[in-house]
Amino acid sequence: MSPELQAPAGRRGFLKGAAGALAVPAAALVGVGASAEPARADAGGLPDFAPVPAAAAGPKVNEAGYYVGRIAGNLYWVTDSYYQAMFLTTPRGVVLVDAPPTIGHNLLRAIDDITRANGRPGRVTHLVYSHSHADHIGAAGLFGTDVVRIAHAATAGLLARAADPNRPLPTVTFHDTYRLKVGGETLRLAYHGPNHSPDNIFVHAPEYDTLMLVDVLYPGWVPFRNLAVSQDIPDWIKAQSIAMDYPWETFVGGHLGRLGVRADGALQIRYMDDLEASTRSAIASVDPAPFFAKYGAQGNSWAIFKTFLDAVADAAAAPVAAKYTGVLAAADVFTRDNAWTLLESLRIDAGVLGPFGVHP
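Residues numbered from 1 in each chain as written. Predicted model: local features only at pLDDT ≥ 70, side-chain atom pairs only at ≥ 80, totals over all residues. Heavy atoms only, no water.

**Digging into the packing of aromatic side chains**
- Under the criterion given, the structure shown has twelve aromatic pairs.
- Centre to centre, the rings of Tyr76 and Phe87 are 5.5 Å apart; their planes meet at 20°, and the pair counts as stacked. You can see Tyr76 sitting in strand E2 (residues 75-79) and its partner Phe87 sitting in strand E3 (residues 84-90), a full eleven residues away along the chain. Pair check on accessibility: Tyr76 and Phe87 agree, each one buried.
- Ring geometry for Phe308 versus Phe356: centroids 5.7 Å apart, planes at 75°, classification edge-to-face. Separated by 48 residues along the polypeptide, Phe308 in helix H9 (residues 301-324) and Phe356 in the segment after helix H10 (331-348) bring together distant segments of the chain.
- Put simply, the rings of Phe291, Phe292, Trp302, Phe305, Phe308 and Phe356 pair up and form one aromatic cluster.
- The side chain of Arg262 reaches across the aromatic face of Trp248, ending 4.8 Å from its centre. (Phe/Tyr/Trp six-rings, centres within 6.5 Å; stacked < 30°, edge-to-face > 60°. Helix = DSSP H or I, 4+ residues; strand = E, 2+ residues; numbered from the N terminus. Buried < 20%, exposed > 50% of the residue type's maximum accessible area, 1.4 Å probe, protein only. Lys NZ or Arg CZ within 6 Å of the ring centre and 35° of its normal.)

Pasting the structure below:
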């Protein structure tokens, strides 16, 4: 029997209800990662934010709070409208990529749905970790001790430090590339350097024209707050282009309720290009004098930094949020936070220092 993960009281009901509000019926979607717009997912709007375009929503979750569907052939995906996992069914068992805790035991139910229908064994024999973060692999403990857990070598070190029983250490690690072959099915794992995290890997299913890369591309949505809370912003931006260099037609991003197509990747890259151009312009155009005048006499250096940087982020975000609202979901929610983080990266990583440059 699989070990249990304890969930906060009422969490399942909350997630189920909220996921239903985000989803549109699967029949309303045309193909994988559909961009058709039968209706807005949030037609009535919210008091604080713009409506979510229907193109950003995924298929409707079932009564248990999950959706499972075929990507192609023996490759499947499962989502609760917040997180995603991917799995292959084989004659020898199931290969699962990631185990998000918000999906939790529904991973077992989804795998059982598929393997009972196709007559293949339902036991998870191999579990691939995309990276070490608990929100993506925090239900790994559900699959017992016999599963082969595969990850980048850096993931092993990070998990050893975390000492989290819900994230057991990998049993197989690699540094650059790893070819996983199970029951006639193949996944190609590759490490292209740090991006969102120091250990985040690319998972390619070449036979099914599918790429899984977590916390880098967000089909239909702007990136999560502060550019996905990424630890290396220049390489996180670079990873988007590396992903587009792969030959894929379907993209699994690890978050939200639908799969992606190549147009989604190109759209996010345009969003980031626009955000960078706007941020560079704002650094050059926002006058720092009022902030030095207001807080300099107090000797409050942090207040000068905060108010100037906040003003630059506001100026940078405004035209980009306006351009992409209705195009990318939550453009009005996180673009300002994303501009602030990009501003810091431009200052620290690219040397675009604005008024904090070399003193004359």
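Having put the structure on the table, let's press on.
**Regarding the confidence of the model for the protein chain**
- Looking at the protein chain as a whole, its pLDDT mean stands at 90, while 87% of the residues score no less than 70.
- In the model, residues 1-9 has pLDDT below 50 throughout and makes twelve contacts with residues more than four positions away in sequence or in other chains. (pLDDT = per-residue confidence, 0-100. Contact = heavy atoms within 4.5 Å.)

**Examining unusual backbone geometry**
- Residues other than glycine seldom take positive phi values, yet Ala163 does so here, at roughly 50°.
- Structurally, the position occupied by Ala163 is in the loop between helix H4 (153-162) and strand E7 (172-174).
- Ala163 gets classed as exposed once you look at its relative accessible area, which sits at 59%.
- Although it is not a glycine, Asp215 sits at a positive phi angle of roughly 65°.
- Mapped onto the secondary structure, Asp215 falls in the loop between strand E11 (210-212) and helix H5 (225-229).

**Examining the pattern of salt bridges**
- In total, this model carries eleven salt bridges according to the counting rule given.
- Among the salt bridges present, the one from Arg225 reaches Asp337, with a minimum N-O distance of 3.5 Å. Taken together, the residues Arg225 in helix H5 and Asp337 in helix H10 connect sequence positions 112 residues apart.
- Take Asp337: its relative accessible area is 14%, and that puts it in the buried class.
- We note a salt bridge from Glu276 to Arg280, for which the minimum N-O separation is 3.0 Å. (Salt bridge = Lys/Arg side-chain N within 4 Å of Asp/Glu carboxyl O.)

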